[in-house]
Structure formats: structure tokens, C-alpha cells
Amino acid sequence: MSTGLLRLFKSRTASAPVARERLQILLAHERGLRGQPELLGILREEILAVVSRHVELDPEKVIVRMERGDSVSTLEVDIELPNHFERRIATVG
Amino acid sequence: MAKVLVVTSGKGGVGKTTSTAALGAALAQSGQKVVVVDFDVGLRNLDLVMGAERRVVFDLINVVQGVAKLSQALIRDKRLENLWLLPASQTRDKDALTDQGVGVIIADLRARFDWVLCDSPAGIERGATLAMRYADEAVIVTNPEVSSVRDSDRIIGMLDSKTVKAEQGERVVKHILITRYDQARAARGEMLNIDDILEILATPLLGIVPESQDVLRASNVGCPVTLNNAASAPARAYHEAARRLMGETIPMTIPSERVGLMNRLLGRRAA
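Below, the structure is looked at part by part. (Residues numbered from 1 in each chain as written. Chains lettered and ligands numbered in written order. Predicted model: local features only at pLDDT ≥ 70, side-chain atom pairs only at ≥ 80, totals over all residues. Heavy atoms only, no water.)

For the rest of this paragraph, the subject is the sheet that holds strand 6 (residues 137–142) of chain B. All names here are of chain B. The mixed open sheet is built from 8 strands, whose spatial order is 3-4-2-5-1-6-7-8. Two strands bound the open sheet, and with one partner strand each, they are strand 3 (75–76) and strand 8 (205–210). Pairing analysis gives 4 bridges linking strand 1 (residues 3–8) to strand 6, with the strands arranged parallel. The residue bridging L5 from the neighbouring strand is E137, located in strand 6. The strands touched by helix 13 (residues 233–245) within the sheet are strand 1, strand 5 (115–119), strand 6, strand 7 (173–181) and strand 8, with strand 8 carrying the most contacts at an inclination of about 170 degrees. (Pairing = 2+ DSSP bridges. Helix = DSSP H or I, 4+ residues; strand = E, 2+ residues; numbered from the N terminus. Contact = heavy atoms within 4.5 Å. Axes fitted to C-alpha atoms, helices over the stretch in contact; angles between N-to-C directions.)

Here is the structure:
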């Protein structure tokens, strides 16, 4: 009888293995980021510079987000453009 | 050769100040000449834990700015004649500390003491980086809890990159000191155990300080726990840690409370 009960009891109290696993995954990621600080900041600056060569931009309207998934991560770049930007490109071109 | 040792953690409330006072007193009890330096400018507390809060006249900032001489700011412990305290300022803000100013004081302290123990403020800002800046060795105080372990990992990264030693291509010698450890809970899988923490942080262990009422009791009366009740479990853990800092090799134990028969019958824990 007792193994089932014991397992039930243990699975309820043994949260340390979860802590350990969460830490290992998190720290592996954070250590990888060290030394290349603020990747998102750098990306934001460079994307802003490239787009500004062609379109007048409000720096506040450029949003760069990263979302980490289990197997892949996504980079989301959200740039708000003023409505008259096609005409500006046309005149430049 | 003097050794400069920073007691650091990243996270607040894990026991940096308690550990600085306890290790400083333990080293001094072994005959070493020791100064404990409070780097927590604006929120000083090492003076209180050491029981010297009413004797502070000048502080670290005064010395950095040339208002006072180092010898005027150093406070000698009343119980141990080779233990000294250099308090932090309570009123100034942390920007009053400069890299160069701290460098001069640390060099001066190196010439006068065997051990310079720097009690770091929490966080990773200026105060914390300056506390570790000139360190030869570091004690990273860690609780068996996820946020503390994460912050310790961050601090280890800073010790390996932002210290003078690191910039010169050398290494700060790092030690993990686990505090507030509860062996029974770890055995039940409710708390990260020692092996988990050491494996994650990949840094050698200096000591294991068990969770104990004696720590609070010592700070209540303003006495390092190693002096207040030398027979208590945390005091024995800190004494062993201090001996390891001095280069002794002693087996790692988790000191436990000694519960006397009378106390057990009365349902009390031993002092």
C-alpha cells in the first residue's frame, strides 16, 4: 500500500527538483547573454538607423520584443510609420 | 600579505552583514588582525550588528573625501582587541564613493591588517561593484532558494569580469557560503540541497550555516554570533568557515543544534 501513498506524499512536498531544473534552464540562458549585453537594445538602435535612412521615424514608435519558446524564439519588431511615408519613398526613388 | 575579502550576494537579506561580522570575529579570535568595512552607504548596519552603533564618529566617506584620517574612522571592537570596524556613512549617498578613493583606502588597510572584509550592499549597482572591486577573495552568501541562487550566479559573473583581479587576467578566489540551511527540509525535497546549489553555481563551498535562532539573538544584542554563543550551531559553522579561509582543510559538516534533555522535555530548543 505504502509505495503509492509515499509517492503521492513525496510528489506533493518535493518541490526542490523543480527549483533545481528551473534554475539550470534559466542560468544556462542568462550566462549565454553575459558579455553581449542588451542584445535587444543594440537591435533596436540598428533597425532604427536603417529604417530612418528612408523614412522619418519617431524613435519611441520602434518596439523590439523577444519571446523565448522551448525550441525557437521569436523576434518581433513593431515600427509605426507615419501615413505619408510612401510618398517620401517615391520622391527619393 | 593582507587579504581583501568581499562578502557579497546580489540579493538582499541573505545574511551578508551577519556573515561579515561572524567571520571577522572568528578570524580575529584566531589571532588575525581584522577590519570589517561597511560598503552599504546610506543604509549602514554593520555597526549595529557589531554593537558599535553609538561609537561611530567618522565613516568611510569622510576618509575618502579627506575629512577624516583612516585612524580616526576606525573603531576598535570592545571584546576583541584585533578586530576593527570601518563604518559606512548613514547620511551621504552612494555616489560619494569613487573607484580611486576606495582604492586608496583599501591599499592603506592592506598595510595595517591581515584581513580586510568588505560587507557589500545588496544589488549590482555602484556600492556592490566598489565593494568587490579590489577583492582577492569573495564569499558569496547564498540561501537555498531560487532567487538567491540566481543572483549569486550573476554576482559570480561580475566577480569574473568587473574586479581589478579579473581585469589583470587573474581570478578572484570565490567561495559559496550557504546560510539559513534546513537539513530536514532539504532531505524531504522541500529545499534545494547543498549538491544542487554547488552544481548549479560551480563554485567551491566554504561552509553551511544552519537556520538558527542564535543569529537573530546575536544581532539583537549587537554581537557577532561567533562571539555571542560560540557553542551554537551557526557559530561553529562560521568558525569552521574562517579556518578554511585561513587555508585549513577540515571536513565539511552541517552543525546542528544541541538539544539538551531538559530542553527536550520542556519542548524548548537549546540556546
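What follows covers the nonpolar core. Across soluble globular proteins, you tend to see nonpolar side chains buried next to one another. Residue and element names in this part refer to chain B. Counting 52 residues, the largest nonpolar core has V35, F39, L86, L109 and V116 as its most contacted members. When neighbours within four sequence positions are excluded, F39 is seen to be in contact with L60, L97, V102, I106, C118, D119, S120, P121, G127, L130 and A131. I75, W115, Y238 and A241 belong to the second largest nonpolar core, which has 35 residues in total. (Core = buried A, V, L, I, M, F, W, Y, C linked by side-chain atoms within 4.5 Å. Buried < 20%, exposed > 50% of the residue type's maximum accessible area, 1.4 Å probe, protein only.)

Let's shift gears to the packing of aromatic side chains. Residues and elements named next belong to chain B. This model, assessed by the stated rule, comprises 1 aromatic pair over all chains. Here the aromatic rings of W84 and F113 are separated by 6.3 Å at their centres, their planes lie at 70 degrees, and the arrangement is edge-to-face. With W84 in strand 4 (residues 83–86) and F113 in the loop between helix 5 (99–112) and strand 5, the pair connects residues that are 29 residues apart, well separated along the chain. Overall, F113 belongs to the buried group, its relative accessible area being 4%. Across the ring face of F113, the terminal group of K33 is positioned such that the distance to the ring centre comes to 5.1 Å. (Phe/Tyr/Trp six-rings, centres within 6.5 Å; stacked < 30°, edge-to-face > 60°. Lys NZ or Arg CZ within 6 Å of the ring centre and 35° of its normal.)

Attention shifts here to the pattern of salt bridges. For the structure shown, the criterion picks out 24 salt bridges over all chains. Between R20 of chain A and D196 of chain B there is a salt bridge whose closest N-O contact spans 2.4 Å. One end of the pair, R20 of chain A, is in helix 2 (residues 16–33); the other, D196 of chain B, is in helix 10 (residues 194–201), on a second chain. The class of D196 of chain B is buried, set by a relative accessible area of 8%. Its salt-bridge partner being K174 of chain B, residue D160 of chain B comes within 2.8 Å of it at the nearest N-O pair. (Salt bridge = Lys/Arg side-chain N within 4 Å of Asp/Glu carboxyl O.)

Quick look at the packing of helix 2 of chain A against helix 7 (residues 146–159) of chain B now. It is the contact of helix 2 of chain A with helix 7 of chain B, at a shortest axis distance of 10 Å, that shows an interaxial angle of 25 degrees. Taken as axis vectors, helix 2 of chain A and helix 7 of chain B run roughly parallel relative to one another. Helix 2 of chain A and helix 7 of chain B meet at a crossing whose hand is right-handed. Contacts between helix 2 of chain A and helix 7 of chain B involve A19, L23, L26, L27, E30 and R31 of chain A from the first element and V146, V149, R150 and D153 of chain B from the second. The residue makeup of the contact of helix 2 of chain A with helix 7 of chain B, split by class, is 6 nonpolar, no polar and 4 charged. (Parallel < 35°, antiparallel > 145°, perpendicular 65-115°, else oblique. Left-handed = near helix turned anticlockwise from the far one by under 90°. Nonpolar A, V, L, I, M, F, W, Y, C, P; charged D, E, K, R; others polar.)

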